[in-house]
Amino acid sequence: ETGVTQSPTHLIKTRGQQVTLRCSSQSGHNTVSWYQQALGQGPQFIFQYYREEENGRGNFPPRFSGLQFPNYSSELNVNALELDDSALYLCASSLQGGDEQFFGPGTRLTVL
Amino acid sequence: GENVEQHPSTLSVQEGDSAVIKCTYSDSASNYFPWYKQELGKRPQLIIDIRSNVGEKKDQRIAVTLNKTAKHFSLHITETQPEDSAVYFCAARTDKLIFGTGTRLQVFP
């Protein structure tokens with residue numbers, strides 16, 4: 001198992017609500033990436049955070065936003081939830097400039 | 001942007017046989033190619049990776065090959081076992097990691 005943790009494990013929301021997901025990176029890792037994995041699909045890159053700033057973004061609308069804290073932990077916020085936001089949200093930690101990314105267990109978000 | 005295609009989408013083999021999964025990528029600037037194994041309900045786990053300055057890498061029963069000219073890379077699993085059954089994802093990275101669509105491998109005893 002990696003040292004990456006995520007909370008909560010599962011979450012159920014309704015359309016239009018807002019959600020915050022949390023990720024604690026592996027010890028010593030200063031970069032956190034977030035991915036959305038829809039059922040039966042590969043993970044899709046949302047964005048990456050390094051030194052508390054967004055450092056790369058995938059093809060996701062602005063209602064997907066994030067934060068990174070001084071201890072390198074991170075949050076993913078999604079506003080105005082839509083049904084299609086239902087997915088497994090994964091965070092991965094790494095060293096800036098490093099190759100390997102280590103994934104957390106994910107948060108399963110269901111939007112009704 | 002980068003696009004990664006992965007084939008086949010499903011693969012069934014008999015225990016002891018070999019399995020090969022192939023990926024192609026579009027961005028010639030991609031320089032890192034990891035493979036992840038994801039069991040049902042679990043996180044993706046890195047099983048092997050290769051960098052663009054290497055053509056082949058092996059780790060016990062698992063090997064990866066990279067053809068930069070053709071923009072192809074492949075995962076080879078020899079002597080498959082039932083516990084190899086999972087979904088396998090390839091990925092390619094320039095400034096971000098782009099994943100393939102996955103291959104569901106089933107190994108029958």
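Only a predicted model underlies this, so the values are computations on that prediction, with no experimental measurement involved.

Caption draft 1: Molecular detail of the side chain of Gln 68 of chain A. Residues and elements named next belong to chain A. With respect to the helices and strands, Gln 68 occurs in strand β7 (residues 64–68). Assessed through its relative accessible area of 5%, Gln 68 is described here as buried. A polar side-chain atom of Gln 68 sits 3.1 Å from the main-chain carbonyl oxygen of Asn 30. Excluding residues that lie within four positions of it along the chain, Gln 68 makes contacts with Asn 30, Thr 31, Val 32, Tyr 49, Tyr 50, Arg 51, Glu 52, Ser 73 and Ser 74.

Caption draft 2: Seen up close, the pairing of strand β4 (residues 31–37) of chain A. All names here are of chain A. Of all seven residues in β4, seven are buried; the element is thus mostly enclosed. What you see with β4 is no split at all: Thr 31, Ser 33, Tyr 35 and Gln 37 on one side and Val 32, Trp 34 and Gln 36 on the other are buried throughout. Where β4 and strand β5 (residues 44–50) come together, six bridges link them in antiparallel fashion. Within β5, the residue paired with Thr 31 across the bridge is Tyr 50. What sits between the antiparallel neighbours β4 and β5 is a turn of six residues, in which Gly 40 has the positive phi angle 80 degrees.

Definitions and cut-offs
Residues numbered from 1 in each chain as written. Chains lettered and ligands numbered in written order. Predicted model: local features only at pLDDT ≥ 70, side-chain atom pairs only at ≥ 80, totals over all residues. Heavy atoms only, no water. Helix = DSSP H or I, 4+ residues; strand = E, 2+ residues; numbered from the N terminus. Buried < 20%, exposed > 50% of the residue type's maximum accessible area, 1.4 Å probe, protein only. Polar contact = N/O pair within 3.5 Å; in protein donor to acceptor, adjacent residues only side chain to side chain. Contact = heavy atoms within 4.5 Å. Pairing = 2+ DSSP bridges.

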